[in-house]
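# Per-entry structural report
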Amino acid sequence: MEASEKHANAAVGGSADPNTVLAVIYFLTIGVIVLGTGIYFFVMARITDPEVRLMDLMVTQREVQHLIDNLSSQFSNFFRLPMRWRNMKPYYTHHSLSWAFIVSLFASVVVLIVSLVLKLPQVVRISTLTFVASLNALFMTRQHLYYIRRTYLTYDAEHYLVLDTTSFHHFNWSVFNVVQIGILLLEFVQLLSFPIRDLVDSIHLAGQLDSDSPDTASFIIGIISMFANLSSKFYIIQLWFLVAVIACIAAVMSAIHVYNAWWPHKPIALYWVKYLLPLANLLYLPMLVMLIGSAACLSKLGTDDSKGAASGLLRCNDPAINKPLYLSFTVVAYTAGYVILTAFVTSFDRIPIRGEIHYRSQGVAFLKNASMLLSIDFLLVANSYRHIRSILSLVIVLSMVCFNISTQPCFVDQINYWRTYGLCCILWVSLIVAMLTNESSTLTKLSIGGIAGSLSVGVVVLFILFVIVRRINLAAMKANDRAMERDNLVDSNYEMAQTQQ
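Residues numbered from 1 in each chain as written. Predicted model: local features only at pLDDT ≥ 70, side-chain atom pairs only at ≥ 80, totals over all residues. Heavy atoms only, no water.

The next thing to look at is the overall build of the protein. Scanning the protein from N- to C-terminus turns up 16 helices and zero strands. Only carbon and sulfur atoms are counted for the fraction: they give 69% of the accessible area of the protein, which is about 25,400 Å². (Helix = DSSP H or I, 4+ residues; strand = E, 2+ residues; numbered from the N terminus. Areas by Shrake-Rupley, 256 points an atom, 1.4 Å probe, with all protein chains shown as cover.)

Quick look at the structure:
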């Protein structure tokens, strides 16, 4: 703890309280993001012609109503499960798995409460992992069923047919698209930080770092992960802030739902909900990963993983932190935040404008859930099962790569292509980390520079391969376009000849 605060204190000249500085920077960052989003939409609305603005407002109202309908359908599908076997037809597999995950969910809650009361740290860790994994598995199962039902039973089949067949080769450099690319880069860096953090801890345990180096590395990783690994006092501020934000979101949603249900003749206008989507997508991983990291750190206290660890994910080992209280609030906040945010960011299915970076909601659902599974794997699985953790991480990232290639979740082909490159880089880093962390003899023989070099060489080689393949594909596309133009010209000449005869 002291080392991390020392690095933060050195960054501000050694005079100011590092926790105060971190808190100010953290809230300023969030404020700039929120304010910047608001200013962008406000300016765009003011520079648009009145007629176009009116049309945009009408389109926005339809899109938001569609989002609300999808969100309502997702919540209904998540909370309404058939109690009898005959009522499960024809989705026996989905409903059976859902009930199995629900049983696991409630059993883990009971065990977690008992283990916290009896102070059994190993049982606390296992029950926390079981609860979080069961919750994610349950939501993914119900969401998959929702998409199946939507495909075959939707009232707006033509809308989804257009979504499935729409694609663009290029995008324009609008402010909206720049923000979307920024979100992708942040997501890439955060996913990459999981295997890097695992590697840093393994190098520390192998004795290749001095006492300050692992804390320096953890401090840098914490900054990359939206201030997730800095100091115990800042952790307290950050956790209660996120708990308050999620509680406010749940309260506002409940209040709007109750009001509109009781007074349908004077409903609350919800066109502004669309403007929250960029914020939700940008803060999705930072918020939920912070809560998973909190659960991981709190459940790690008193176990073998806390002995000799470089720093863990969060600085929760502080006398002022009540472990049962903080873990309980963390689990409740994660449950509400994960369900609400995931349902929200996967309910927006609009037909994009040409050149706009936008995603199919089913692709968003899979990649977001896979990202959360990856964070659960790296943060909650114990170090004694490091080999299993490595295998699971490779399976998860490989499934993300295959899904991105096969389904093309973005409407812009370029984004899908370079997102695949980013996921392949994460797969490469995860593979090298898996090899090094499970072979301590190999890890002790390699220098820090050698490890960094092997990671960098793989990333560069992948980049060169992707550039070459991209150029070959573009040449093939141009040749195909020329062939189609030639065929169209021949056909038109033939029709003109037939008309003259």
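Once that is clear, we can look at the packing of helix 3 (residues 50-79) against helix 11 (residues 323-345). It is at 9 Å that the axes of helix 3 and helix 11 come closest, and there the two elements cross at 135°. Judged by the angle between their axes, helix 3 and helix 11 are oblique. For the element pair helix 3 and helix 11, the recorded crossing hand is right-handed. Each of Leu 67, Leu 71, Gln 74, Phe 75 and Phe 78 in helix 3 lies in contact with helix 11, whose residues at this interface are Val 339, Ile 340, Ala 343 and Phe 344. Taken together, the residues of the contact of helix 3 with helix 11 sort by class into eight nonpolar, one polar and no charged. (Axes fitted to C-alpha atoms, helices over the stretch in contact; angles between N-to-C directions. Parallel < 35°, antiparallel > 145°, perpendicular 65-115°, else oblique. Left-handed = near helix turned anticlockwise from the far one by under 90°. Contact = heavy atoms within 4.5 Å. Nonpolar A, V, L, I, M, F, W, Y, C, P; charged D, E, K, R; others polar.)

Looking at the protein, the pLDDT average stands at 81 and 81% of residues meet or exceed 70. The secondary structure element of the protein with the lowest average pLDDT is helix 1 (residues 2-11), at 47, and the one with the highest is helix 4 (residues 92-118), at 94. Within the model, pLDDT remains below 50 along residues 1-8, and this stretch shows 23 contacts once partners closer than five positions in the same chain are excluded. Note that pLDDT drops below 50 for residues 10-14; the model gives that stretch two contacts with residues more than four away or on any other chain. (pLDDT = per-residue confidence, 0-100.)

Okay, the pattern of salt bridges next. Applying the stated criterion across every chain yields a total of three salt bridges. For Lys 274, the salt bridge is made with Glu 63, and the minimal N-O distance between the two is 3.2 Å. Residue Lys 274 is located in the loop between helix 9 (232-262) and helix 10 (277-300), and its partner Glu 63 is located in helix 3; the two are separated by 211 residues in the primary sequence. Considered together, Lys 274 and Glu 63 belong to a single accessibility category, that of buried residues. Between Glu 187 and Lys 368 there is a salt bridge, with the nearest N and O atoms lying 3.9 Å from each other. Highlighted residues: Glu 187 in helix 7 (residues 175-205) and Lys 368 in helix 12 (residues 361-380), separated in sequence by 181 residues. Side by side, Glu 187 and Lys 368 carry an identical accessibility label, which is buried. What you see here is one network of salt bridges that share partners, running through Glu 187, Lys 368 and Arg 419. (Salt bridge = Lys/Arg side-chain N within 4 Å of Asp/Glu carboxyl O. Buried < 20%, exposed > 50% of the residue type's maximum accessible area, 1.4 Å probe, protein only.)

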